[in-house]
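Residue-level structural notes
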Amino acid sequence: MAALRSVHVTGWGAYTPSLVLTNADLERMVDTSDEWIVTRTGIRERRIASPTDTTASMAAVAGLRAIATAGLDVHDIDLIIVGTLTPDYPLPSAAVLVKEAIGNAHAAAMDLAAACSGFAYGYGMAHAYLASGLARHALVIGSETMSRCTDWTDRGTCVLFGDGAGAVVLSASDEPGGAMGIELNTETAATYSIWIPAGGAARPANEASVAAREHYMRMKGQETFKLAVRKLASTSLMAVEKAGITLEDIDLAVPHQANVRILEALAKSVHFPPERLFVNIDRYGNTSAASVPIALTEAVAAGRIKPGDRILLAAFGAGGTSGAIVLKWTADPANRLRAEGIGPERVTLLDSGLEPINPFPPALEWMLAEPGHSAAAQTPATAR
Ligand code: ACO
């Protein structure tokens, strides 16, 4: 068996829809306040997918940006993984729609269901695939349209989530660098702490389930909070140990953005300097599987990552999934300029043949009519 190859991040990119829902807007919808949301979560605003954005269309834009940053052609990609809990359809996968939309010829394409850890899990799977020589370049995406599985009457969850997509290209190489330690694990004690009761094989959607709002996400907040802190800490420490370094050697940690208090408690519990944690939850809320690659893309753009830096990516999600990657960054941050000019107008999803419906949450329809929220700067991705 040939020696394992190293696997580097060679491309990165994100796409966040331009519709902005602020805490003040939520004050008009449910019994909440900007003060409560900021104090308890750190979130000030979140992005909402436009009626023509879907998980696959946003994933395709982020993916094209990552491929351009890597300086590759779309046909160079051998594997496409989309981490998501909000695929366009139960069948086929969002990854198949992404592959078609970006015009890739021969990649294997699949979705990965690990909730907010979907990107970290996808990274781990792609790493194994590339390190073993099965492929040369993989596109790993986290993309979510959380606004469409959110109960906009439930103040306990609707203030937390947002929409968007982020992606990386991972490339096999014989040069040193790239991933140094990867840990993925799942704690089954949290199986029903965050879940969507209906719409699957155990409780197929019917009129009663829709009336009971069982097709929306439910969450036990405090339980999830404690588990998130514990699992983010233990999984990160395991990845760091596998990398043969200590947390002190980490230049920047890019964690899943679920709640700023979770990140503060995490930093305290493992004695990690908070200034070395990248935080952008104030502007996006919790974008589930998309949050780590969006944050990574923003961290590079903000000059927080340079070649030689040791980066920790860490995620926790529904089902008690948890994943962490320690990597040595090798790419030139300036490569991100190659993705300039790539927008949603470059993406057209394959038409299903069914009469289109408006998937936008009825509770948010008012956003489309108010100028302050309009997506003026955005040309939405459309079906052909
Ligand atoms: N506005 C005002 N009050 C609220 C709101 C709101 N939006 N939401 C809840 N409250 C009230 C509650 O009803 C409760 O009132 P009561 O004391 O009268 O009963 C009070 O605020 C306190 O509620 P708690 O749930 O105890 O508040 P907590 O401090 O735990 O914060 C939160 C809630 C923000 C949800 C927190 O528990 C949390 O962040 N949990 C983790 C979520 C998470 O990490 N999810 C990640 C995975 S998601 C995925 O994988 C898809």
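Residues numbered from 1 in each chain as written. Predicted model: local features only at pLDDT ≥ 70, side-chain atom pairs only at ≥ 80, totals over all residues.

1. A look at the overall build of the protein chain
Across its full length, the protein chain holds 12 helices and 15 strands. For the protein chain, the C-alpha radius of gyration of 20 Å lies close to 21 Å, the compact-globule estimate for 384 residues. When its C-alpha atoms are laid out on the principal axes, the protein chain stretches across 55 × 50 × 40 Å. A separation threshold of at least 6 residues defines the contact pool for the protein chain, and within that pool the share at least 24 residues apart is 81%. (Helix = DSSP H or I, 4+ residues; strand = E, 2+ residues; numbered from the N terminus. Rg over C-alpha atoms; globule rule 2.2 N^0.38 Å. Contact = placed C-beta atoms within 7 Å.)

2. Quick word on the sheet that holds strand β12 (residues 310-317)
Sheets are built from strands paired through backbone hydrogen bonds, the pairs being either parallel or antiparallel. Strand order across the open sheet formed by 4 strands is β8-β13-β12-β11, with mixed pairing between neighbours. Where the open sheet ends on each side, the last strands, each with one partner, are β8 (178-186) and β11 (252-255). Averaged over neighbouring strand pairs, the angle between their axes works out to 10 degrees when direction is ignored. Judged from the 8 bridges that link them, β12 and strand β13 (residues 321-328) form a sheet pairing that is antiparallel. (Pairing = 2+ DSSP bridges. Axes fitted to C-alpha atoms, helices over the stretch in contact; angles between N-to-C directions.)

3. Notes on the site of the ligand
If you check the shell around the ligand, you find 22 residues, and the closest are Thr32, Cys116, Gly221, Ala258 and Gly317. Taken together, the elements giving at least two residues each to the shell around the ligand come down to α2 (34-41), α6 (155-158) and α8 (221-242). Of the residues forming the shell around the ligand, the biggest block, 5 residues, is contributed by α8. Along the lines of polarity and charge, the residues of the shell around the ligand split into 10 nonpolar, 10 polar and 2 charged. (Near = placed C-beta within 6 Å. Nonpolar A, V, L, I, M, F, W, Y, C, P; charged D, E, K, R; others polar.)

4. Quick word on the environment of Pro359
Following the sequence through the fold, Pro359 ends up in the loop between β14 (348-349) and α12 (365-369). Contacts of Pro359, omitting those with residues within four sequence positions, involve Pro51 and Arg148.

5. Concerning the packing of α8 against helix α9 (residues 260-269)
With their axes 9 Å apart at the nearest point, α8 and α9 run at an angle of 45 degrees to one another. Taken together, the axes of α8 and α9 lie oblique to each other. The hand of the α8/α9 crossing is right-handed. The residues of α9 that touch α8, namely those facing Phe225, Ala228, Val229, Leu232 and Ala233, are Ile262, Ala265, Leu266 and Ser269. (Parallel < 35°, antiparallel > 145°, perpendicular 65-115°, else oblique. Left-handed = near helix turned anticlockwise from the far one by under 90°.)

6. Focus: the confidence of the model for the protein chain
Overall, the prediction assigns the protein chain a mean pLDDT of 95, with 97% of residues at 70 or greater. Of all secondary-structure elements in the protein chain, the lowest mean pLDDT belongs to strand β15 (residues 382-383), at 40, while strand β6 (residues 137-145) reaches the highest, 99. Confidence drops under a pLDDT of 50 for residues 375-384, and excluding neighbours within four residues, the segment shows 31 contacts in the predicted structure. (pLDDT = per-residue confidence, 0-100.)

7. Description of the pairing of strand β4 (residues 79-83)
Among the 5 residues of β4, 5 are classified as buried, and the element is accordingly described as predominantly covered. Here β4 shows a buried face lined by Leu79, Ile81 and Gly83 and a second buried face lined by Ile80 and Val82. One ladder, built from 5 bridges, connects β4 with strand β5 (residues 108-112); its direction is parallel. Counted as the bridge partner of Ile81 is Met110 from β5. (Buried ≥ 20, exposed ≤ 12 C-beta atoms within 10 Å, placed from the backbone.)

8. Structural notes on the sheet that holds β4
If you walk across this open sheet you meet the 5 strands as β1-β7-β6-β4-β5, and the pairing is mixed. Here the strands that pair on one side only, and so sit at the sheet edges, are β1 (6-15) and β5. Between one strand axis and the next, the sheet turns through 20 degrees on average, direction left out of account. In this structure, β6 lies alongside strand β7 (residues 163-173), joined through 9 bridges in antiparallel fashion. If you follow Gly142 over to β7, its bridge partner there is Gly166. Against the sheet, helix α3 (residues 55-69) contacts β1, β4, β6 and β7, and its axis sits at roughly 125 degrees relative to β1.

9. Looking at the packing of α3 against helix α4 (residues 94-102)
Where α3 meets α4, the closest approach of the two axes is 9 Å, and the angle between their N-to-C directions is 50 degrees. Put simply, α3 runs oblique to α4. By crossing handedness, the relation of α3 to α4 is classed as right-handed. In contact with Thr55, Ala56, Ala59, Ala60, Gly63 and Leu64 of α3, α4 contributes Ala94, Leu97, Val98, Ala101 and Ile102. For the contact of α3 with α4, a count of residues per class yields 9 nonpolar, 2 polar and no charged.

10. Points about the nonpolar core
One recurring pattern in soluble globular proteins: nonpolar side chains tend to sit buried together. Ranked by internal contacts, the top residues of the largest apolar core, which has 118 residues, are Ile81, Val98 and Val140. When residues of this core are assigned to their parent elements, the largest contribution, 10 residues, is made by α3. The contact partners of Ile81, leaving out residues within four places of it in the chain, are Ala95, Met110, Leu112, Gly122, Met125, Ala126, Ala138, Val140 and Ile141. (Core = buried A, V, L, I, M, F, W, Y, C linked by C-beta atoms within 7 Å.)

11. A short note on α3
The end-to-end C-alpha distance of α3 is 21 Å, a good match for the 21 Å that 15 residues give at a rise of 1.5 Å each. Counting buried positions along α3 yields 15 of 15 residues, so the element is predominantly enclosed. Looking at the residues trailing α3, positive phi occurs at Gly71, about 75 degrees. (Expected span 1.5 Å × (residues − 1).)

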